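Single-letter residue listing:
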Amino acid sequence: MKIETNLETIKSIGKEKEEENWKFRSYLKDLHGVDLDAIVQKLYADVSSHIDCTQCANCCRAMYPSLDEEDVVAFSSHMNKSIEEFITEYLIESNEEKNKYNFNSVPCPFLAENKCTHYAGRPKDCKSYPHLQKENFTFRLMSVIENYSICPIVFNVYERLKTEIWRKLMYENIIGGSPA
Ligand code: SF4
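On a predicted model such as this, the values are computed, not experimentally measured, just so you know. (Residues numbered from 1 in each chain as written. Predicted model: local features only at pLDDT ≥ 70, side-chain atom pairs only at ≥ 80, totals over all residues.)

Attention shifts here to the environment of Ser-143. Within the fold, Ser-143 resides in helix 8 (residues 141–148). The class of Ser-143 is partly exposed, set by 14 C-beta atoms lying within 10 Å. For the pair formed by Ser-143 and Tyr-119, sequence separation is 24 residues and the distance between their alpha carbons is 23 Å. (Helix = DSSP H or I, 4+ residues; strand = E, 2+ residues; numbered from the N terminus. Buried ≥ 20, exposed ≤ 12 C-beta atoms within 10 Å, placed from the backbone.)

Moving on: the domain arrangement of the protein. We note that the domain assignment places domain 1 (7–59 + 131–174) and domain 2 (64–128) within the protein. Taken together, the contact pairs 4 residues of domain 1 with 4 residues of domain 2. Here the side of domain 1 that touches domain 2 is built from residues that sort into 1 nonpolar, 2 polar and 1 charged. (Domains from an automatic or database assignment. Contact = placed C-beta atoms within 7 Å. Nonpolar A, V, L, I, M, F, W, Y, C, P; charged D, E, K, R; others polar.)

A separate point is the sheet that holds strand 1 (residues 66–67). Strand order in this open sheet of 3 strands is 1-3-2, and the pairing throughout is antiparallel. The open sheet has two edge strands, strand 1 and strand 2 (91–93), and neither has a second partner. Note: strand 2 against strand 3 (residues 101–103), 3 bridges, orientation antiparallel. Looking across to strand 3, one finds that Leu-91 is bridged to Phe-103. (Pairing = 2+ DSSP bridges.)

Shown next as C-alpha coordinates:
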(Lines give C-alpha, C1' and ligand atoms only; values in the text may rest on other atoms or scores of the structure.)
Protein backbone atom coordinates (compact mmCIF):
# COMPACT_ATOMS: atom_id res chain seq x y z
CA MET A 1 0.00 0.00 0.00
CA LYS A 2 1.29 3.46 -0.93
CA ILE A 3 2.44 5.70 1.91
CA GLU A 4 0.82 9.13 1.58
CA THR A 5 2.97 12.02 2.85
CA ASN A 6 1.55 15.02 1.00
CA LEU A 7 0.07 17.21 3.72
CA GLU A 8 -2.45 18.95 1.43
CA THR A 9 -3.71 15.59 0.15
CA ILE A 10 -3.96 14.25 3.70
CA LYS A 11 -5.92 17.31 4.84
CA SER A 12 -8.28 17.05 1.92
CA ILE A 13 -8.87 13.30 2.42
CA GLY A 14 -9.41 14.05 6.12
CA LYS A 15 -12.36 16.27 5.17
CA GLU A 16 -13.73 13.75 2.66
CA LYS A 17 -13.51 10.84 5.09
CA GLU A 18 -14.59 12.62 8.25
CA GLU A 19 -17.82 10.64 8.56
CA GLU A 20 -16.12 7.33 7.73
CA ASN A 21 -13.40 8.03 10.32
CA TRP A 22 -15.95 8.65 13.09
CA LYS A 23 -17.89 5.53 12.13
CA PHE A 24 -14.69 3.46 12.20
CA ARG A 25 -13.89 4.92 15.62
CA SER A 26 -17.28 3.77 16.96
CA TYR A 27 -16.71 0.39 15.40
CA LEU A 28 -13.27 0.03 17.03
CA LYS A 29 -14.60 1.06 20.43
CA ASP A 30 -17.05 -1.83 20.38
CA LEU A 31 -14.63 -4.35 18.90
CA HIS A 32 -13.78 -7.33 21.12
CA GLY A 33 -11.48 -10.31 20.75
CA VAL A 34 -8.89 -8.42 18.71
CA ASP A 35 -5.51 -7.28 20.07
CA LEU A 36 -5.77 -3.78 18.61
CA ASP A 37 -2.70 -2.45 20.43
CA ALA A 38 -0.51 -5.13 18.84
CA ILE A 39 -1.92 -4.48 15.35
CA VAL A 40 -1.53 -0.69 15.68
CA GLN A 41 2.01 -0.98 17.07
CA LYS A 42 3.01 -3.22 14.14
CA LEU A 43 1.48 -0.82 11.62
CA TYR A 44 3.11 2.12 13.39
CA ALA A 45 6.57 0.49 13.24
CA ASP A 46 6.16 -0.19 9.53
CA VAL A 47 4.69 3.19 8.50
CA SER A 48 7.06 5.28 10.64
CA SER A 49 10.08 3.51 9.11
CA HIS A 50 9.07 5.09 5.76
CA ILE A 51 8.46 8.62 7.03
CA ASP A 52 11.07 11.20 7.98
CA CYS A 53 9.54 13.41 10.69
CA THR A 54 12.26 16.04 10.26
CA GLN A 55 11.04 16.61 6.68
CA CYS A 56 7.49 17.13 7.93
CA ALA A 57 7.29 18.72 11.39
CA ASN A 58 3.61 19.40 10.76
CA CYS A 59 2.76 18.42 14.35
CA CYS A 60 4.96 21.30 15.57
CA ARG A 61 3.10 23.66 13.23
CA ALA A 62 -0.40 22.51 14.11
CA MET A 63 -0.58 21.04 17.62
CA TYR A 64 -0.53 22.45 21.14
CA PRO A 65 1.59 19.95 23.12
CA SER A 66 0.76 19.52 26.76
CA LEU A 67 3.41 20.26 29.45
CA ASP A 68 3.21 19.09 33.04
CA GLU A 69 5.24 20.47 35.93
CA GLU A 70 8.15 18.14 35.20
CA ASP A 71 8.24 19.33 31.56
CA VAL A 72 8.18 22.97 32.63
CA VAL A 73 11.10 22.46 35.03
CA ALA A 74 13.11 20.53 32.43
CA PHE A 75 12.42 22.91 29.54
CA SER A 76 13.11 26.10 31.50
CA SER A 77 16.35 24.64 32.84
CA HIS A 78 17.34 23.58 29.30
CA MET A 79 16.81 27.21 28.22
CA ASN A 80 18.64 28.61 31.25
CA LYS A 81 15.54 30.55 32.24
CA SER A 82 13.70 30.69 35.52
CA ILE A 83 10.43 28.76 35.62
CA GLU A 84 8.51 32.03 36.03
CA GLU A 85 10.19 33.63 33.01
CA PHE A 86 9.58 30.56 30.89
CA ILE A 87 5.89 30.40 31.83
CA THR A 88 5.33 34.10 31.22
CA GLU A 89 7.09 34.14 27.86
CA TYR A 90 5.96 30.88 26.31
CA LEU A 91 3.07 29.16 28.09
CA ILE A 92 -0.65 29.41 28.73
CA GLU A 93 -2.65 27.32 31.17
CA SER A 94 -4.37 24.40 29.48
CA ASN A 95 -8.14 24.70 29.00
CA GLU A 96 -8.49 20.94 28.84
CA GLU A 97 -6.15 19.50 31.48
CA LYS A 98 -5.78 20.58 35.08
CA ASN A 99 -2.27 21.69 36.19
CA LYS A 100 -0.97 21.54 32.63
CA TYR A 101 0.24 24.12 30.14
CA ASN A 102 0.38 24.60 26.39
CA PHE A 103 2.73 26.74 24.33
CA ASN A 104 1.15 30.12 23.70
CA SER A 105 1.39 30.00 19.91
CA VAL A 106 1.21 27.72 16.90
CA PRO A 107 3.45 26.99 15.12
CA CYS A 108 5.46 26.17 18.22
CA PRO A 109 7.79 29.05 19.15
CA PHE A 110 10.71 26.61 19.21
CA LEU A 111 10.32 25.38 15.65
CA ALA A 112 12.90 26.76 13.21
CA GLU A 113 13.47 25.46 9.69
CA ASN A 114 11.45 22.35 10.45
CA LYS A 115 13.59 21.51 13.47
CA CYS A 116 13.01 21.71 17.21
CA THR A 117 15.54 24.19 18.58
CA HIS A 118 15.27 22.62 22.05
CA TYR A 119 15.02 19.00 21.03
CA ALA A 120 16.76 17.62 24.14
CA GLY A 121 14.47 19.58 26.47
CA ARG A 122 11.20 19.05 24.59
CA PRO A 123 8.17 17.92 26.60
CA LYS A 124 7.14 14.27 26.99
CA ASP A 125 4.08 14.93 24.83
CA CYS A 126 6.36 15.86 21.89
CA LYS A 127 8.65 12.89 22.53
CA SER A 128 5.85 10.36 22.36
CA TYR A 129 3.87 11.97 19.51
CA PRO A 130 1.90 10.55 17.67
CA HIS A 131 1.34 8.17 20.63
CA LEU A 132 0.59 5.08 18.52
CA GLN A 133 3.26 3.02 20.26
CA LYS A 134 1.38 3.30 23.57
CA GLU A 135 -1.11 0.86 25.01
CA ASN A 136 -4.87 1.43 25.17
CA PHE A 137 -5.32 2.67 21.61
CA THR A 138 -9.11 2.53 21.93
CA PHE A 139 -9.02 5.08 24.78
CA ARG A 140 -7.18 7.57 22.57
CA LEU A 141 -9.31 7.40 19.43
CA MET A 142 -10.49 11.03 19.70
CA SER A 143 -6.92 12.25 19.43
CA VAL A 144 -6.21 9.74 16.65
CA ILE A 145 -9.00 11.31 14.61
CA GLU A 146 -7.71 14.78 15.44
CA ASN A 147 -4.19 13.78 14.34
CA TYR A 148 -5.34 11.95 11.19
CA SER A 149 -5.36 15.16 9.13
CA ILE A 150 -2.14 16.49 10.68
CA CYS A 151 0.31 13.60 10.93
CA PRO A 152 1.12 11.38 7.90
CA ILE A 153 1.99 8.51 10.26
CA VAL A 154 -1.44 8.59 11.91
CA PHE A 155 -3.16 9.00 8.53
CA ASN A 156 -1.44 5.95 7.03
CA VAL A 157 -1.80 3.79 10.14
CA TYR A 158 -5.53 4.53 10.43
CA GLU A 159 -6.12 3.79 6.75
CA ARG A 160 -4.15 0.53 6.99
CA LEU A 161 -6.02 -0.37 10.14
CA LYS A 162 -9.32 -0.13 8.27
CA THR A 163 -7.98 -2.57 5.66
CA GLU A 164 -6.43 -4.87 8.27
CA ILE A 165 -9.53 -5.10 10.47
CA TRP A 166 -11.95 -5.53 7.58
CA ARG A 167 -9.66 -8.17 6.03
CA LYS A 168 -9.47 -10.05 9.31
CA LEU A 169 -13.23 -9.94 9.79
CA MET A 170 -13.81 -11.06 6.21
CA TYR A 171 -11.55 -14.10 6.75
CA GLU A 172 -13.23 -14.95 10.02
CA ASN A 173 -16.74 -14.64 8.56
CA ILE A 174 -16.02 -16.49 5.32
CA ILE A 175 -13.34 -19.00 6.25
CA GLY A 176 -13.72 -19.21 10.01
CA GLY A 177 -10.02 -18.55 10.65
CA SER A 178 -7.47 -15.75 10.74
CA PRO A 179 -5.50 -14.34 7.81
CA ALA A 180 -1.85 -15.37 7.69
S1 SF4 B 1 8.95 21.73 21.60
FE2 SF4 B 1 10.05 21.05 19.76
S3 SF4 B 1 9.12 19.01 19.26
FE4 SF4 B 1 7.69 20.08 20.67
S5 SF4 B 1 6.21 21.16 19.34
FE6 SF4 B 1 7.90 22.61 19.81
S7 SF4 B 1 9.33 22.40 18.07
FE8 SF4 B 1 7.99 20.59 18.06
